[in-house]
Amino acid sequence: MELPAGAKANRYNHSDYQVGLKNFAKAIGRMEQYLQEKIVVSNVFYEALDGVTEHTKKNIELKSRSQRYRRVDMETWLVPASKIAKAKVSGKPTLIFYYWSQDDSLWVYEVNDEINDLEPEIPDWHEYGSLHYYIPFLFFKRVR
């Protein structure tokens, strides 16, 4: 995928990373219960998807939001375009989980052809200028 002028491919924010690790620890058990199998977690963040299922080899990505964000205020949920590109290149089924710590809810979207109708954008406010998909929340289903 070619980046538009001004876009940056890589970024690292320690505070976001720490929130993500904390939320991943909260959500992984529920993700594994939903999948009915273990997730082998990647040891390379930002450059890869978060993990792969142990037996069925599905790609797993978890996006999460801290307490300050409310799920009900968002019509679309951001996913980095690099994660979608990696999913497409892998050729494996890919599940994007979204964890909202404000209401302790977990949601899942299996990447499919619907994503081809969306164009990635650089959010105006995004300090790193990374491309993201604004995925309609209706694409996600709640994990019980």
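These numbers were taken from a predicted model, which means no experiment stands behind them. (Residues numbered from 1 in each chain as written. Predicted model: local features only at pLDDT ≥ 70, side-chain atom pairs only at ≥ 80, totals over all residues. Heavy atoms only, no water.)

Visitor: Tell me about the overall build of the protein, and name the residues and values.
Guide: Looking only at helices and strands, the protein has 2 helices and 8 strands in total. Reading the protein from its N end, one meets helices and strands in the order α-β-β-β-β-α-β-β-β-β. Within the protein, buried positions represent 42% of all 144 residues. For the protein, restricting intrachain contacts to residue pairs at least 6 apart in sequence, the fraction spanning at least 24 positions comes to 62%. As displayed, the protein offers around 8400 Å² of accessible surface, 50% of which is attributable to carbon and sulfur atoms. (Helix = DSSP H or I, 4+ residues; strand = E, 2+ residues; numbered from the N terminus. Buried < 20%, exposed > 50% of the residue type's maximum accessible area, 1.4 Å probe, protein only. Contact = heavy atoms within 4.5 Å. Areas by Shrake-Rupley, 256 points an atom, 1.4 Å probe, with all protein chains shown as cover.)

Visitor: How would you sum up the nonpolar core? Please name residues and give values.
Guide: Core analysis: the biggest nonpolar cluster contains 17 residues, and Tyr98, Ile115, Ile135 and Phe140 have the highest contact counts within it. If you list the elements that add at least two residues to this core, you get strand 4 (76–80), helix 2 (81–90), strand 5 (94–100), strand 6 (105–110) and strand 7 (132–136). Those residues in contact with Tyr98, other than ones at most four positions away along the chain, are Leu62, Lys63, Arg65, Trp77, Leu78, Val79, Ser105, Leu106, Trp107 and Phe140. If you look at the next biggest cluster of nonpolar residues, it comprises 14 residues, including Phe24, Phe97, Leu106 and Val108. (Core = buried A, V, L, I, M, F, W, Y, C linked by side-chain atoms within 4.5 Å.)

Visitor: Which residues make up the pattern of salt bridges, and what are the values?
Guide: In total, this model carries 4 salt bridges according to the counting rule given. Between Glu32 and Lys38 there is a salt bridge, with its nearest N and O atoms 3.8 Å apart. A salt bridge links Glu61 to Lys63; its shortest N-O distance comes to 3.4 Å. For the pair formed by Glu61 and Lys63, the shared burial category is buried. (Salt bridge = Lys/Arg side-chain N within 4 Å of Asp/Glu carboxyl O.)

Visitor: Any details on the confidence of the model for the protein? Residues and values, ideally.
Guide: The predicted model of the protein has a mean per-residue pLDDT of 84, with 84% of residues at 70 or higher. Counting interchain partners and residues more than four positions distant, the pLDDT-below-50 stretch residues 1–9 has 16 contacts. (pLDDT = per-residue confidence, 0-100.)

Visitor: With reference to specific residues and values, describe the sheet that holds strand 8 (residues 141–143).
Guide: With mixed pairing, the 6 strands of this open sheet are ordered in space as 1-2-3-5-6-8. On the outer flanks of this sheet lie strand 1 (39–41) and strand 8, each paired with one strand and no other. Across this sheet, the average inter-strand angle for adjacent strands is 35 degrees, counted without regard to direction. Pairing of strand 3 (residues 59–65) with strand 5, which is carried by 7 bridges, proceeds in the parallel orientation. Residue pairing for strand 5: Ile60 is matched across the bridge by Leu95. (Pairing = 2+ DSSP bridges. Axes fitted to C-alpha atoms, helices over the stretch in contact; angles between N-to-C directions.)

Visitor: Which residues make up the packing of aromatic side chains, and what values do they have?
Guide: Counted by the stated rule, this structure contains 10 aromatic pairs. Between Tyr34 and Phe97, the aromatic rings sit 6.0 Å apart at their centres with planes inclined by 85 degrees, giving edge-to-face as the arrangement. Placement of Tyr34 in helix 1 (residues 14–35) and of Phe97 in strand 5 is noted, with a sequence separation of 63 residues between them. The buried category is assigned to Phe97, whose relative accessible area is 0%. Taken together, Trp77, Tyr98, Trp100, Trp107, Tyr109, Phe137, Phe139 and Phe140 form an aromatic cluster joined through their ring pairs. (Phe/Tyr/Trp six-rings, centres within 6.5 Å; stacked < 30°, edge-to-face > 60°.)

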